[in-house]
Amino acid sequence: AQSVTQLGSHVSVSEGALVLLRCNYSSSVPPYLFWYVQYPNQGLQLLLKYTSAATLVKGINGFEAEFKKSETSFHLTKPSAHMSDAAEYFCAVSQGNNRLAFGKGNQVVVIP
Amino acid sequence: EAGVAQSPRYKIIEKRQSVAFWCNPISGHATLYWYQQILGQGPKLLIQFQNNGVVDDSQLPKDRFSAERLKGVDSTLKIQPAKLEDSAVYLCASTDFGTGNYEQYFGPGTRLTVT
């Protein structure tokens, strides 16, 4: 069965510093991979997705992620953190029928 | 385009009571999902509908949870009777496979507290 692992439930980053959130997946077939963001009391919003095209994927709000098959990873990065990036971030994998398996999430805190 | 609508946004009930949640997906989206998100965890799929048919309900606790999607549009998720461990946010999502988009669009969720 497909699954994703996100380490470190809380991530603190200084404003202007690099944001790096790690995601490793387990899948028996080529996966589709997603990063979602969730702001307080809101639903999930798609940041970006990998669906077997370019391995470097650019998303909204300056985020990007790189699919590395050899490392079974899909880490999310943003060069410079803004206060507005404070939220919870979820990595998810899909193998078929568009059913998503989510990681436990990373709560990002941005320090002024 | 209107997003996925859910109601109520918040609900507090006592254990052993019943509760129902409503979801209206994006117009034209044939696939609808219900997820349960317990505090500190990622969403877990409960049930997936394609039009008004169930595609996957393997993780739905069928002794207490039920869901329906009459006419292939709106959906209702019910819990009867509720337990303390059902306290969570219940998210509804929809997608349109026909576009090849693979994105699921989420509603704001219903936060259930069982006391």
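Criteria and thresholds
- Residues numbered from 1 in each chain as written.
- Chains lettered and ligands numbered in written order.
- Predicted model: local features only at pLDDT ≥ 70, side-chain atom pairs only at ≥ 80, totals over all residues.
- Heavy atoms only, no water.
- Salt bridge = Lys/Arg side-chain N within 4 Å of Asp/Glu carboxyl O.
- Buried < 20%, exposed > 50% of the residue type's maximum accessible area, 1.4 Å probe, protein only.
- Helix = DSSP H or I, 4+ residues; strand = E, 2+ residues; numbered from the N terminus.
- Disulfide = S-S within 2.5 Å.
- Pairing = 2+ DSSP bridges.
- Axes fitted to C-alpha atoms, helices over the stretch in contact; angles between N-to-C directions.
- Contact = heavy atoms within 4.5 Å.
- Buried area = accessible area lost by both parts, 1.4 Å probe.
- Nonpolar A, V, L, I, M, F, W, Y, C, P; charged D, E, K, R; others polar.

Asks: Explain the pattern of salt bridges to me, and be specific about the residues and the numbers.
Replies: Residues and elements named next belong to chain B. Scanning the entire structure with this criterion turns up five salt bridges over all chains. Note that Lys62 is salt-bridged to Asp57, the shortest N-O span being 3.7 Å. Asp57 sits in the partly exposed class, given a relative accessible area of 25%. With a closest N to O distance of 2.5 Å, Arg64 and Asp86 form a salt bridge. One end of the pair, Arg64, is in the loop between strand 6 (53-56) and strand 7 (65-68); the other, Asp86, is in the loop between strand 8 (75-79) and strand 9 (88-95), and 22 residues separate them in sequence. Accessibility expressed as a relative area gives 10% for Arg64, which makes it buried.

Asks: Residue-level account of the state of the cysteines, with values.
Replies: All names here are of chain B. Counted by the stated rule, this structure contains two disulfides over all chains. The disulfide partner of Cys23 is Cys92, and the S-S distance across this bridge is 1.9 Å. The chirality of the disulfide connecting Cys23 with Cys92 is left-handed, given an S-S dihedral of about -70°. One end of the pair, Cys23, is in strand 3 (residues 19-24); the other, Cys92, is in strand 9, and 69 residues separate them in sequence. Among the residues examined, Cys23 registers a relative accessible area of 0% and is labelled buried.

Asks: Any chance you could break down the sheet that holds strand 7 of chain B for me, citing the residues and the numbers?
Replies: Sheet strands pair via backbone hydrogen bonds, and the direction of the pair is either parallel or antiparallel. Residue and element names in this part refer to chain B. The antiparallel open sheet is built from four strands, whose spatial order is 1-3-8-7. Every interior strand has two partners, whereas the edge strands, strand 1 (5-7) and strand 7, have only one. Each strand of the sheet is rotated relative to its neighbour by a mean of 15°, with strand direction disregarded. Alignment of strand 7 against strand 8, held across four bridges, turns out to be antiparallel. If you follow Ala67 over to strand 8, its bridge partner there is Leu77.

Asks: Could you give an account of the interface of chain B and chain A, naming the residues involved and the relevant values?
Replies: Think of interface size as the accessible area that goes away when the parts come together; that is how it is often given. Opposite the 24 residues of chain B that make contact, chain A presents 19 residues. Roughly 1700 Å² of surface becomes buried between chain B and chain A when both sides are summed, with 50% attributable to carbon and sulfur atoms. On the chain B side of the interface with chain A, the three residues burying the most area are Pro43, Tyr102 and Phe106 of chain B, jointly 30% of the side's total. Inspection of the region where chain B meets chain A yields one salt bridge. The shortest N-O distance in the salt bridge between Asp56 of chain B and Arg99 of chain A comes to 3.5 Å. Of all the secondary-structure elements, those providing two or more residues to the side of chain B that touches chain A are strand 4 (31-37), strand 5 (44-50), strand 6 and strand 9 of chain B. Considering every element that reaches the side of chain B that touches chain A, the biggest residue donor is strand 4 of chain B, with three residues. Per-class residue counts for the side of chain B that touches chain A are eleven nonpolar, nine polar and four charged.

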